[in-house]
Every structure is written in structure tokens, then in C-alpha cells.
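Residues per chain, in single letters:
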Amino acid sequence: MSADQRIIRSGNTDEALRLQALRILRLDPSSPGRLVSRENSRLEYKETFNWGSRAKYARTMAAFANHDGGFIVFGVRDSPRDLLGVDVKRFDDLDPARATEYLNSALAPEIEWEAFRVEVAGLQLGVVAVKPAISRPVVCTKTDGSALREADIYYRYRGRSERIRYPELQRLLSELREHERDAWLRHLSRVAHIGVENVGLLDLVDGELSGSGGRLLISEALLKQVQFIREGRFTQRHDAGVTTLRLVGEVEPVAPGAIRPVKTIAQPVVIGERELLRKFLRQEKPQAPTEYIKQACRENSPYMPIYHFARAAGLTSEALRAVVVRESGRRSKDLLGRVDGAMVAPVGSMVADTQPATDRRRILDDLRRGDPDSLRSAKRVRLFEAVTHFEPPRPPTELLGLLAGLIEDPALRPFERTLGRKAVAHLDEVLNRAACIQRNAQDPAPMSATPSTPR
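This is a predicted model, so every value here is computed, not measured.

1. Side note on the overall build of the protein chain
So, step 1. Of the regular secondary structure elements, the protein chain holds 15 helices and 14 strands.
So, step 2. Considering the protein chain as a whole, with its 455 residues, one finds that 43% of them fall into the buried category.
So, step 3. By sequence separation, contacts in the protein chain at least 24 residues apart represent 64% of the contacts at least 6 residues apart.
So, step 4. Entry remark: accessible area of the protein chain is about 25,700 Å², with carbon and sulfur atoms responsible for 51%.

In C-alpha cells form, the structure reads like this:
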């Protein structure tokens, strides 16, 4: 934190959110009263704070919650990004209970948010920080003026909060299904571990706890006071103000044979460019990674993340080459060149005395420092170009998430999409190519790339 920035503490605000907000609000060295950071997918500026504009704030907060979270900063003019300062009394008079009541009446499910102040260059700024929603999408449940319309879903696109488009909605719904499936599998796995006869179910609406030993009804008054422990937030402080329901009893060992295997259900997945890029940028390991390599060979562009899937499949670089050779995609020849050692060529000069080269150098410096927040204000083209110049060590994890959002933007122009593919392919080489080469050295006789088909 610089000497020009400090946090004005308020309540129990998450310290990490405060520090993240200050990292984003970077001062312009040539103009101390102005910020460098532009509005982006996680940042929006407002000149003043006014509770009468709550519907507009709710729209932006819903868009942040449906994306990666974000910050509304009050007391900054957007263009140019001059520091004005916020009306401290008006901002501090914001009643969290009243604001939460309004948000819950307009949006569902509930979103997590916090409000606090920061001081930048001697001026007070108000900040409303929104966390990514656990259950997405967050949907508008009532119409309020022109800002909110019932049944709309809002999403953050760079510096705008808009009604969600089909690709992003499809992704959110897919994530919702995956989340529900994973939750069911976790529950079933725990039930199998504990034993069906030893499990009880608590209905959080009616307060009924039922199990093999009978039923227990928790009164409505007590149920409203009970808060359940989430993600390590348990505390034994007497003044924490959290009601705890303590059940005292004996712990009995699980009977032998109570642990039962969970059935694995295979689901068909349509593999295309979008899925190839998504799996890599989210660092997910697919069930059949070799199939992803085959699909990469069939794509029109040779700039696909192949080493990520080769590593997941346990392939040497020679085995990977064998897969590519067997495929008949029309761009397999170019892809084969990459497998044979022709890595993605850096795009654009880094030494020229031009503005684009200066932008690339600045972005690359931010990458090396592990400062992904500053990258959100960079031009997409320059960011993609700078990434192709990036070398080990490992790039910041946040960069992959940022690229995922940019690559999936349907507004990308064709040449921007090509640069984005090159950036992704280069990062794939940086992260995974050495592991395949190392596996070659350890296993001179490479394994078969694909299992033989029984007749």
C-alpha cells in the first residue's frame, strides 16, 4: 500500500477485500489526482453516492455477482478518472440492514456485499465490494424504474452491466448443473460413509430433523437464530453474537461395510474450441483427455492448448505426436509443427519506440510482478500480444481467469480471437510442454496414445 492510500476501517469488513480494492485503484504518476485504472469487468466508478439510485447500484451488483465479483467506487469521475471524493456522512449513513432488505426484495438468491471507505491521495472514496455469487445466476425479482426489470439476469461485460447474453447464460446454467451434481455426489458419498441408518435430515424451512431414531422439530423462533458454520468461520468468542445449537451425545463407530462405492455416471460432452479453451483456462482435467487432443487436431486453428490434455493423459511428447499424425484435420500439419518444437511465435515488438510496444512492456512487467488487477484495464489486443512474450515462472492464476472471460466474449473481432488463441496456446506451452518432454526422458519407450479397440 502506498503512502497515498490507506483504509478507513468500518465494521467487520473483509481485510482481503479492502486490500484488493486499493490494489485496483492505482494513481497516475503524471497526474496525482487521477487514477490509471479504467472501468472494467470488476470495477465501476460513480461520482456521487445517492440512495435514490439504489436500483442502478443493484443492477451493477447483480452483474458483478454473476461474474467474478467487483467494486463500485464512489467519488471518482469516469472520463477522465479524476478523484473527487465522496460525501462521507451520506455514505457512512448507509444502513446495511436497509440496503440488504432492498437487495433481497429485488434480487434472488441473496448476494454477499460489504461497504467501506478508503483514502486515496488524501480524498475519501466509498467502496461497495460484491463477492461472486455461490449460486448463480442471480435473477431480478421485481421491476424498479428503468434499471431493474423482473426476470432479467445481469452480467458484467468489461465496463458495462447488461442483460446476459446466451453464451454466458449457457455457461452459468452449465456451472449450476455441475454444482448441483457435485453437491449430490458429496452428500451421497457422506451418507455412504456414515451409513444410511445413521443419517438424519434437517429441513431448513420447516425445522424438522428426521432420522432412524425418530423426528425432532426445531421451533421457528430458534431456527431463525441458528447460523450454520461455513468455510471455517467457526469461532468460540463469547462476544461473536452467533447463536450455536450444540447437540451432546456419544460418538459411535461406523459399522463394517457401511462405506459403499459411489456410482460414476458418464455424461456426453460436446467438445469444440470453446470447451478446449475453457478446460485449459480453468485448469480442469477432463475424463477423456486424449479425445480433446483429437478434437484440437480437427479445429481450423492450430493454436489450441494440447499439452494440458497430453499431460492429463500421461502422454509423452512422442505419444502426443502419434495422436496428431493419426488425425486428419486440415490444420494438423501446422499443429504437428508445434509438437515438433515450433513454439508459438511472440506477436509484436517489445523494443520499438512506439506506443503499442510500450503498452506490451508495461503489461509484461505487470505479469512478471504477479499483478493481475492492473491487467483488467489493458486493451485486449495488447494483452494478448504481451502474453505471447511471457516466459516462466508460472503466470498468475488470475490471468487464466481473465483470459477465460475475454476469450468467451462474443464481441471479439476475428483478429482479436486469433491473438487470444495464440496467447492461450503459448501459456499452454509454458505450463505443460516441459512435463511432456521430461516424461520422454523417463520413458524412452512411449506408451500407446490410445487404447486399442476390442473386436
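2. With respect to the pairing of strand S7 (residues 113-120)
So, step 1. Burial runs high along S7: seven of the eight residues are buried.
So, step 2. Bridge count between S7 and strand S8 (residues 123-130): eight bridges; the pairing is antiparallel. Paired with Ala 115 across the two strands is Val 128, which belongs to S8.
So, step 3. Linking S7 back to S8 in an antiparallel pair, the connection comprises two residues, with Ala 121 at a positive phi of about 55°.

3. Section: the pattern of salt bridges
So, step 1. Enumeration according to the criterion identifies 26 salt bridges in this entry.
So, step 2. Across the pair Glu 112 and Lys 131 runs a salt bridge, and its minimum N-O distance is 4.0 Å. With a gap of 19 residues between them, Glu 112 in the loop between strand S6 (107-108) and S7 and Lys 131 in the loop between S8 and strand S9 (139-140) connect regions that are remote in the sequence.
So, step 3. Its salt-bridge partner being Glu 162, residue Arg 160 comes within 2.5 Å of it at the nearest N-O pair.
So, step 4. With a relative accessible area of 22%, Glu 162 lands in the partly exposed category.
So, step 5. Among the charged side chains, a network of salt bridges with common partners joins Arg 34, Glu 47, Arg 77 and Asp 82.

4. Description of the confidence of the model for the protein chain
So, step 1. Chain-level pLDDT for the protein chain is 80 on average; 78% of the residues reach the 70-or-more range.
So, step 2. Segment residues 7-12: pLDDT under 50, and 20 contacts once partners within four positions in sequence are set aside and those in other chains are kept.
So, step 3. Within the model, pLDDT remains below 50 along residues 444-455, and this stretch shows 16 contacts once partners closer than five positions in the same chain are excluded.

5. A closer look at the environment of Tyr 303
So, step 1. Mapped onto the elements, Tyr 303 comes out in the loop between helix H8 (289-298) and helix H9 (307-313).
So, step 2. Using a relative accessible area of 23% as the deciding quantity, one classes Tyr 303 as partly exposed.
So, step 3. For Tyr 303 and His 426, which are 123 residues apart along the polypeptide, the C-alpha to C-alpha distance reads 8.3 Å.
So, step 4. With near-sequence residues (within four places) excluded, Tyr 303 lies in contact with Arg 338, Val 344, Arg 421, Lys 422 and Ala 425.

Calculation notes
- Residues numbered from 1 in each chain as written.
- Predicted model: local features only at pLDDT ≥ 70, side-chain atom pairs only at ≥ 80, totals over all residues.
- Heavy atoms only, no water.
- Helix = DSSP H or I, 4+ residues; strand = E, 2+ residues; numbered from the N terminus.
- Buried < 20%, exposed > 50% of the residue type's maximum accessible area, 1.4 Å probe, protein only.
- Contact = heavy atoms within 4.5 Å.
- Areas by Shrake-Rupley, 256 points an atom, 1.4 Å probe, with all protein chains shown as cover.
- Pairing = 2+ DSSP bridges.
- Salt bridge = Lys/Arg side-chain N within 4 Å of Asp/Glu carboxyl O.
- pLDDT = per-residue confidence, 0-100.

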